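Tertiary structure, described
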Number of protein chains: 2
Amino acid sequence: MKLGIMGTNWITDAFVEGALNSKEWELTAVYSRTLEKAYAFGEKYKVENYFDDIELMATSDVIDAVYIASPNAMHYEHALQFLRHKKHVIVEKPIFSTVAELEDAHKVAKENGVYLFEAARHIQEPNFKILQDSIQKVGKLHGATLAYMNYSSRYDNVLAGEEPNIFSLKFSGGSLVDLGVYPMYTAVALFGVPEKATYFATKLRTGVDGGGPVIFEYPDFTVTILHAKMSQSFLPSEIYGEKGTLVINPLTGIKEIKYIDNHTKETEDLAMPTIPNDMEFEATEFARIIAEQDTLAYEDLEDLSKQVLQISNDLRHQNGIWYKVEQ
Amino acid sequence: MKLGIMGTNWITDAFVEGALNSKEWELTAVYSRTLEKAYAFGEKYKVENYFDDIELMATSDVIDAVYIASPNAMHYEHALQFLRHKKHVIVEKPIFSTVAELEDAHKVAKENGVYLFEAARHIQEPNFKILQDSIQKVGKLHGATLAYMNYSSRYDNVLAGEEPNIFSLKFSGGSLVDLGVYPMYTAVALFGVPEKATYFATKLRTGVDGGGPVIFEYPDFTVTILHAKMSQSFLPSEIYGEKGTLVINPLTGIKEIKYIDNHTKETEDLAMPTIPNDMEFEATEFARIIAEQDTLAYEDLEDLSKQVLQISNDLRHQNGIWYKVEQ
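Please read these numbers as outputs of a predicted model, since none were measured by experiment. (Residues numbered from 1 in each chain as written. Chains lettered and ligands numbered in written order. Predicted model: local features only at pLDDT ≥ 70, side-chain atom pairs only at ≥ 80, totals over all residues. Heavy atoms only, no water.)

A few words now on the overall build of chain A. Helix and strand content of chain A: ten helices and 15 strands. Relative to the compact-globule value of 20 Å for 327 residues, chain A shows a C-alpha radius of gyration of 20 Å, a close match. When the 327 residues of chain A are sorted by exposure, 61% land in the buried category. For chain A, long-range pairs separated by at least 24 residues make up 66% of all intrachain contacts whose partners lie at least 6 apart in sequence. Within chain A, one finds 30 positive and 48 negative side-chain charges whose respective centroids are separated by 3 Å. (Helix = DSSP H or I, 4+ residues; strand = E, 2+ residues; numbered from the N terminus. Rg over C-alpha atoms; globule rule 2.2 N^0.38 Å. Buried < 20%, exposed > 50% of the residue type's maximum accessible area, 1.4 Å probe, protein only. Contact = heavy atoms within 4.5 Å. Lys, Arg positive; Asp, Glu negative; His and termini not counted. Charge placed at Lys NZ, Arg CZ, Asp CG, Glu CD.)

Put into structure tokens, the structure is as follows:
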């Protein structure tokens, strides 16, 4: 399948590499605001088509699908331009700023007979599938701790009085949508939508959240999500049950899944060897869904994306964090 | 100093060993409901005095102080009997069921010119003092995760339809007061009393809590406490700051304190070698406070004990958990 890309930063490079590794995609077009930047990115992949006009790229027939990694707040506008011209769209997480945007974009995708994906790569990892299949080992579920806290060098800029995109209301930033989205996806994919969610956010001078614990309450158990961009954690994640505990490390690009029995204390290693670039798995799956028109699998991802965004929106609003696009 | 003991289970054995190791105490009397059990416990320590009558032991002059490790719900009644007869009292954690009991017992202790201690051993460890002195390394505090979750073999009894003391309202049981008390003590000792505390308890058939996350909210940061007696965790604890992270493992009997810089990623090992029985430290400190009549140090411990119990009471009540003694 023919892939175009929008955005020329490290994540785009990583996605392109993963997509090419999957053998399902060829990179046929690069968009950037200047052709120079587009060419600088694309030449190492021997790309033939370069655009500095989105509409031109969206109407061209050199791409079947586009991967969008523009700043969060622009995902919606950019995705719509491609969907309207019947291009499949893969948007880097967090997909959009609001549920209203997501519902609208899903509608436009449907009307145009194309698919809209959120690039939540970790739930497509083989080790995530192993984790999913291993949940039953712990017996009756007692809860989980899902940790994803990385100190961001951009936090230094915040401390210096600046307002980098990722920490700004204007660009729909903050820790919850940037890092919290991973454990939230994990929780919703494994355990479903919680009955209640509570976010104890630490708010920054810029108006967004720097991190804080999130509690997902289910009828019989509780999931604790730890995320932050202003602090560094080295904690693995854990899933607790009546029979034992699953230890997962790390939460994305999972390298280790250990099951430890509560009674025998015996440990079982469940993870399979990993590959350097785990974006290959989502690239493979998105290509498969498009090729096979697997509507069932697509709708599962559509639901998951919407559920996570809905929770994320609610948690932000609980803490009085409203993006510019919502104001 | 001459020590008597009430309770003849493993924790009493451990405390006696620690007290003897400290060289500050000699074991002079053992109480049990039957003299046979008292003798069975005391003979290996060559104890000379045995009691099956509390009043007789409390009025005797063979002890200066008593260590009480009877079931939680009986701590108060037992402590009062000794305090009234001017014996110093060390009560195993959790000290009492309610703040009213603690305030009354503190009053009786003061009236009789003796001290009342809660045996929260971990805050007396040299490595805890090192931790306390190391907090400044992380710079501006961003929060902490304090984990203490051990699967209890008594939980098997709960599953079998029984109601062991430690899981009963009648005996003032549950995970929060049994294991949660350790991280709560750590948090209050390191960071002070939180502005707000919230407990997401999983309640058991017996009416007490099996575990769940507790969130302590401070003006600028949040502490997440993970505790349970129905689940097993292998997580270390962490303290986060603007400059770096302190990793503590485990939370009591601390063996490892690592400081990792957010920017250089350099790791520094701060812990000192441990000893097999960390109860020696509290035994030494309680003897010192008594001998030196260090009222300032005593009042700090008195405050800490009361603050933790107050929070613990509030958190239980939030979840509708009321002990028999409160009903």
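Right, let's get into the sheet that holds strand S2 (residues 26–31) of chain B. Residue and element names in this part refer to chain B. On the basis of which strands lie adjacent, the open sheet formed by six strands has the order S3-S2-S1-S4-S5-S6 and parallel pairing. The open sheet has two edge strands, strand S3 (49–51) and strand S6 (116–119), and neither has a second partner. Here the strands of the sheet are splayed against their neighbours by 25 degrees on average, with no regard to which way each runs. As paired elements, strand S1 (residues 2–6) and strand S4 (residues 65–68) share four bridges and run parallel to each other. From the neighbouring strand, glycine 4 faces S4, where its bridge partner is valine 66. (Pairing = 2+ DSSP bridges. Axes fitted to C-alpha atoms, helices over the stretch in contact; angles between N-to-C directions.)

On the side of chain A, 35 residues touch chain B, which itself brings 35 residues to the contact. At the boundary of chain B with chain A, total buried surface from both sides reaches about 2,800 Å², with 63% on carbon and sulfur atoms. One can count zero salt bridges joining chain B with chain A. One can count 13 residue pairs in polar contact (both at pLDDT 80 or more) joining chain B with chain A. Listing elements by their share of the side of chain B that touches chain A, those giving two or more residues are strand S7 (141–149), helix H7 (153–159), strand S10 (209–217), strand S11 (222–228), strand S12 (237–241) and strand S13 (244–249) of chain B. Its residues placed into classes, the side of chain B that touches chain A shows 16 nonpolar, 13 polar and six charged. (Buried area = accessible area lost by both parts, 1.4 Å probe. Salt bridge = Lys/Arg side-chain N within 4 Å of Asp/Glu carboxyl O. Polar contact = N/O pair within 3.5 Å; in protein donor to acceptor, adjacent residues only side chain to side chain. Nonpolar A, V, L, I, M, F, W, Y, C, P; charged D, E, K, R; others polar.)

Take the relation of the copies chain B and chain A next. Take chain B, turn it by 180 degrees, move it 0.0 Å along the axis, and it overlays chain A with an RMSD of 0.0 Å. Considering both components of the superposition, the chain copies are consistent with a two-fold axis. In terms of proximity to the rotation axis, the leading residue of chain B is Leu235(B), whose C-alpha is 3.3 Å off the axis. Take the interface residues of chain B: 100% of them recur as interface residues in chain A, which is what a same-surface contact looks like. (Least-squares fit on C-alpha atoms with pLDDT ≥ 70 in both.)

Residues and elements named next belong to chain B. In terms of burial, strand S5 (residues 88–92) is a largely internal element, five of the five residues being buried. What you see with S5 is no split at all: His88, Ile90 and Glu92 on one side and Val89 and Val91 on the other are buried throughout. Crossover handedness for the path S4 to helix H4 (residues 75–83) to S5: right-handed. Pairing of S5 with S6, which is carried by four bridges, proceeds in the parallel orientation. Looking at the pairing, valine 91 lines up with glutamate 118 of S6. Between S5 and its parallel partner S6, the chain crosses via helix H5 (residues 99–111), and the hand of that crossover is right-handed. (Right-handed = clockwise from strand over helix to strand, strands pointing away.)

Further remarks concern the sheet that holds strand S2 (residues 26–31) of chain A. Each strand in a sheet pairs with another by means of backbone hydrogen bonds, the pair being arranged parallel or else antiparallel. All names here are of chain A. As summarised here, the arrangement of the six strands in space is S3-S2-S1-S4-S5-S6, forming an open sheet in which the pairing is parallel. Edge strands, defined here as strands with exactly one partner in the open sheet, are strand S3 (49–51) and strand S6 (116–119). Between one strand axis and the next, the sheet turns through 25 degrees on average, direction left out of account. In this fold helix H9 (residues 279–292) packs onto strand S5 (88–92) and S6, with an angle of close to 170 degrees to the strand it touches most, S6.

Residue and element names in this part refer to chain A. Interaxial distance between helix H1 (residues 10–21) and H9 falls to 7 Å at its minimum, and their mutual angle equals 60 degrees. Overall, the two elements H1 and H9 adopt an arrangement that is oblique. Both H1 and H9 take part in a crossing whose hand is right-handed. In contact with Ile11, Ala14, Phe15, Gly18, Ala19 and Asn21 of H1, H9 contributes Met279, Glu280, Glu282 and Ala283. Residues belonging to the contact of H1 with H9 are distributed by class as follows: six nonpolar, two polar and two charged. (Parallel < 35°, antiparallel > 145°, perpendicular 65-115°, else oblique. Left-handed = near helix turned anticlockwise from the far one by under 90°.)

Okay, the pattern of salt bridges next. Under the criterion given, the structure shown has 22 salt bridges over all chains. Among the salt bridges present, the one from Asp278(B) reaches Arg121(B), with a minimum N-O distance of 2.9 Å. With Asp278(B) in the loop between strand S15 (267–269) and helix H9 (279–292) and Arg121(B) in the loop between S6 and helix H6 (126–134), this pair connects stretches of sequence that are 157 residues apart. For Glu285(B), the salt bridge goes to Arg288(B), with nearest N and O atoms at 3.0 Å. Note that Glu285(B) and Arg288(B) are positioned in helix H9 at a spacing of three residues, about one turn of the helix. On the basis of relative accessibility, which here comes to 18%, the residue Glu285(B) falls in the buried class. Taken together, the salt bridges that share partners define one network made up of Glu285(A), Arg288(A), Glu292(A) and Asp294(A).

Another point: the UniProt feature "domain: GFO/IDH/MocA-like oxidoreductase" (unreviewed entry) in chain A. According to UniProt, the positions carrying the feature "domain: GFO/IDH/MocA-like oxidoreductase" (unreviewed entry) are residues 139–246 of chain A. Secondary structure across residues 139–246 of chain A divides into 22% helix and 36% strand, with the first and last C-alpha atoms of the span separated by 11 Å. (UniProt positions renumbered as here; feature names shortened; annotations may be inferred.)

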